[in-house]
Amino acid sequence: MSDQTPDSNLLKEGGAVAAGGRVGFVSLGCPKALVDSERILTQLKLDGYDVVNSYHDADVVVVNTCGFIDDAKQESLDAINEAMTENGKVIVTGCMGKGADAELIKSKNPGVLAVTGPQAYEEVMTAVHEWAPHEQQHDPFTDLVPPQGVKLTPRHYSYLKISEGCNHSCTFCIIPDMRGKLVSRPIGDVLEEAKRLVNAGTKELLVISQDTSAYGVDLKYRTGFWDGRPVKTRMLELCEELGKMGVWTRLHYVYPYPHVDNVIPLMAEGKILPYLDIPFQHASPRVLKLMKRPAHAENTLERIKKWREICPELVIRSTFVVGFPGETEEDFQILLDWLEEAELDRVGCFKYSPVEGAKANDLPDHIPEDIQQERHDRFMQKAQEISTRKLARRVGQRQTVLIDEVDDEGAIGRIYADAPNIDGMVYLNEFFDCEPGDLVEVEIEHSDEYDLWGTPVSAE
């Protein structure tokens, strides 16, 4: 249920192996980091490199790190150490590649060839060219790189990153230090990429950034151009244009600014999925203030109620932090009561973990681990009760299911309410007449705490 669970992949893309032109690649972290990996891999292919799937075959290994929480940092350090042990020629990039973490990497692995921060595509490529030079150039007739670039997700869904960085100053987070202030991509570039992905077979676009609601703020909502028409660089106009592409569009990391209200009617009209991923983090106004988050939980409840009046099918997922420094039992109970009233559909929960460089480290009254764990367990029990209750209401409904895979037991997919890898699944036992990317009409017959089971509805 976590947005930030590290996902380690040593990946392979096809192509002829060229002597001196072989790169191993390990990708860790969240979908935003995955998009960074896709861009580096695409450039490697364009520069004539072959991406291999073993340390032994690689002339150099690139490790894209995650530095979100301590567990992710440790996994990144373990991956770097493994690459150094197995290969010895390692280039490190990503969120651990800046500041004190970069120095930590160098101290633990003094032989590492280069350490760069996130989005440092040119620096990564410069290091690859330096340490794995080769004479073969990219031949567009034999080394085919698809128009959408190299993807690490299945063909039928794609992440669409609309901006880099963040303007928030949350006390528990150092992402602005790692990725910088908000930098929005020109809307024409975003929509052009979306169109390429759709033309290549994408059935679901997952819009991601550090703060999707803030898209265009840094550009003062500048008017760009797409398909010969002026379009403002703003969340509403972006959603309107994506809604015309005929595929599922899912919004992630949406902060509940007032203008989010304007997007709900698009969901009610079926133009984009009625799904919002909103990182509420807490509900106690006192804790939200300590976090430097908007401290208006009661207003948020009222807005959620109005959103559901406009769009009854709306699904909301969120993540929360329990055991934040200074959180009292009263604060935690406020959170549980808020969760019960809000009836969020999908919920993840982190126990507070100090991150080097975060301002929350200096706050008094840090919560002991045993109390953190106890609150985490109580929170997840409440979230599970709500999820079980809400999914039971779907029994008897007809839903469109996007198929993700077909195995020996049948097909597995998702309805609009579920994002890949973080939400629930729909199991179609003994149904094999489909393939990933198909949309199948299904009658829901059974539910549990997180997942659904159903049977395809015969075409009339």
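Residues numbered from 1 in each chain as written. Predicted model: local features only at pLDDT ≥ 70, side-chain atom pairs only at ≥ 80, totals over all residues. Heavy atoms only, no water.

S.K.: Help me understand the overall build of the protein chain in this model?
M.R.: Counting secondary structure elements, the protein chain contains 12 helices and 21 strands. Taking 23 Å as the expected radius of gyration for a compact globule of 460 residues, we find that the protein chain reaches 23 Å, a close match to that expectation. Projecting the C-alpha coordinates of the protein chain onto the three principal axes gives extents of approximately 65 × 60 × 50 Å. The buried share among the 460 residues of the protein chain stands at 56%. Taking the contacts inside the protein chain whose residues are at least 6 apart along the sequence as the reference set, 73% of them involve residues at least 24 apart. For the protein chain, the exposed area adds up to about 19800 Å²; of that, 50% sits on carbon and sulfur atoms. The protein chain carries 48 positive and 77 negative side-chain charges, and their two centres are separated by 7 Å. (Helix = DSSP H or I, 4+ residues; strand = E, 2+ residues; numbered from the N terminus. Rg over C-alpha atoms; globule rule 2.2 N^0.38 Å. Buried < 20%, exposed > 50% of the residue type's maximum accessible area, 1.4 Å probe, protein only. Contact = heavy atoms within 4.5 Å. Areas by Shrake-Rupley, 256 points an atom, 1.4 Å probe, with all protein chains shown as cover. Lys, Arg positive; Asp, Glu negative; His and termini not counted. Charge placed at Lys NZ, Arg CZ, Asp CG, Glu CD.)

S.K.: Where do I start with the packing of aromatic side chains in this structure?
M.R.: Two measures describe an aromatic ring pair: the distance that separates the ring centres and the angle between the ring planes. Counting across every chain of the model gives 9 aromatic pairs. A ring pair is formed by Y157 and Y159, whose centres lie 6.4 Å apart and whose planes are at 85°; its orientation type is edge-to-face. Its guanidinium or amino end placed over the ring of Y157, R414 lies 5.5 Å from that ring's centre, counting from NZ or CZ. (Phe/Tyr/Trp six-rings, centres within 6.5 Å; stacked < 30°, edge-to-face > 60°. Lys NZ or Arg CZ within 6 Å of the ring centre and 35° of its normal.)

S.K.: I would appreciate a short explanation of a negative patch on the surface in the present structure.
M.R.: Where like charges cluster on the molecular surface, the negative patch consists of D70, D71, E75, D78, E82 and E86. The topology assignment puts E75 in helix α2 (residues 70–86). (Patch = residues over 30% accessible without salt bridge, like charges linked within 9 Å, V, L, I, M, F, W, Y side chains within 5 Å. Salt bridge = Lys/Arg side-chain N within 4 Å of Asp/Glu carboxyl O.)

S.K.: Any chance you could explain the side chain of D59 here in plain terms?
M.R.: Within the secondary structure, D59 sits in the loop between β3 (50–52) and β4 (60–65). The class of D59 is buried, set by a relative accessible area of 19%. Among the polar contacts made by the side chain of D59, one reaches the main-chain amide nitrogen of G21 at a distance of 3.4 Å. (Polar contact = N/O pair within 3.5 Å; in protein donor to acceptor, adjacent residues only side chain to side chain.)

S.K.: Explanation requested: unusual backbone geometry in the structure shown.
M.R.: Trans is the prevailing form of peptide bonds, just as negative phi is the prevailing case for residues other than glycine. At K220, a position not held by glycine, the phi torsion is positive, near 55°. Examined against the element boundaries, K220 turns out to sit in the loop between β10 (204–208) and β11 (223–226).

S.K.: Got a minute to help me understand helix α11 (residues 329–342) in this structure?
M.R.: Residues spaced three or four apart along an α-helix face the same direction, because each turn holds 3.6 residues. When the terminal C-alpha atoms of α11 are compared, their 20 Å separation across 14 residues agrees well with the 20 Å that a helix rising 1.5 Å per residue should span. A positive phi of about 50° marks E343, the residue just after α11. (Expected span 1.5 Å × (residues − 1).)

S.K.: Even after reading the chapter, I still don't get the pattern of salt bridges, so can you show me in this structure?
M.R.: Oppositely charged side chains can pair when the atoms bearing their charge come close. Scanning the model with the defined rule gives 30 salt bridges in all. The salt bridge partner of R414 is E204, with a shortest N-O separation of 2.7 Å. Taken together, the residues span a long stretch of sequence, with R414 in strand β18 (residues 410–414) and E204 in strand β10 at a distance of 210 residues. Accessibility assignment for this pair places R414 and E204 in one class, buried. Between E269 and K271 there is a salt bridge, with the nearest N and O atoms lying 3.2 Å from each other. What makes E269 exposed here is its relative accessible area of 52%.

S.K.: Teacher, can you tell me more about the nonpolar core here?
M.R.: Generally speaking, soluble globular proteins have nonpolar side chains that are buried together. Core analysis: the biggest nonpolar cluster contains 52 residues, and L251, L276, L344 and F379 have the highest contact counts within it. Leave out the neighbours within four places in its chain, and L344 touches F280, I304, R308, I316, S318, F320, W338, L339, I386 and K390. Core analysis: the second largest hydrophobic core is formed by 29 residues, L273, Y416, F431 and V440 among them. (Core = buried A, V, L, I, M, F, W, Y, C linked by side-chain atoms within 4.5 Å.)

S.K.: Whenever I open this one, the sheet that holds β18 confuses me. Can you help?
M.R.: Strand pairing in a sheet takes place through backbone hydrogen bonds and is either antiparallel or parallel in direction. Sheet architecture is closed into a barrel: 5 strands sit in the order β17-β18-β19-β21-β20, paired in mixed fashion. With direction set aside, neighbouring strand axes in the sheet form an average angle of 50°. Direction of pairing for β18 relative to strand β19 (residues 426–429): antiparallel, over a ladder of 4 bridges. Pairing of G410 across the sheet is with N429, part of β19. (Pairing = 2+ DSSP bridges. Axes fitted to C-alpha atoms, helices over the stretch in contact; angles between N-to-C directions.)

S.K.: Would you mind going over the environment of S163 with me for this structure?
M.R.: Considering the arrangement of structural elements, one finds S163 in strand β8 (residues 163–164). Placed 218 residues apart in sequence, S163 and Q381 show a C-alpha to C-alpha distance of 35 Å. In this structure S163 touches L182, V183, S184, R185, I208 and S209, once residues within four positions along its chain are discounted.

S.K.: Help me out: how do you make sense of the packing of α2 against helix α3 (residues 99–108) in this one?
M.R.: Helix packing geometry: the angle between the two helix axes and the distance between the axes. In contact at an axis separation of 11 Å, α2 and α3 are set at 35° when each is read in the N-to-C sense. Here the hand of the crossing between α2 and α3 comes out right-handed. Along the contact surface, α2 presents K73, L77 and I80, while α3 presents D101, L104, I105 and K108. Taken together, the residues that form the contact of α2 with α3 break down as 4 nonpolar, no polar and 3 charged. (Left-handed = near helix turned anticlockwise from the far one by under 90°. Nonpolar A, V, L, I, M, F, W, Y, C, P; charged D, E, K, R; others polar.)

S.K.: Please explain the pairing of β11 as it appears in this structure.
M.R.: The two faces of a sheet get side chains in turn, since along a regular strand they alternate between them. Alternating positions in β11 separate cleanly, G224 and W226 being buried on one face and T223 and F225 remaining unburied on the opposite face. The turn joining β11 and strand β12 (residues 229–232), which pair antiparallel and follow one another in sequence, is formed by 2 residues; a positive phi near 55° is taken by D227.

S.K.: Please clarify how the pairing of strand β2 (residues 22–27) should be interpreted in this entry.
M.R.: With 5 of its 6 residues buried, β2 lies for the most part within the structure. Bridge analysis of β2 against β3 gives 3 bridges, and the strand direction is parallel. Residue G24 lies in a different strand from β3, and its bridge partner there is V52. The β-α-β motif built from β2, the intervening helix α1 (residues 31–46) and the parallel element β3 has right-handed crossover chirality. One ladder, built from 5 bridges, connects β2 with β4; its direction is parallel. Bridged to S27 within β4 is N64. (Right-handed = clockwise from strand over helix to strand, strands pointing away.)

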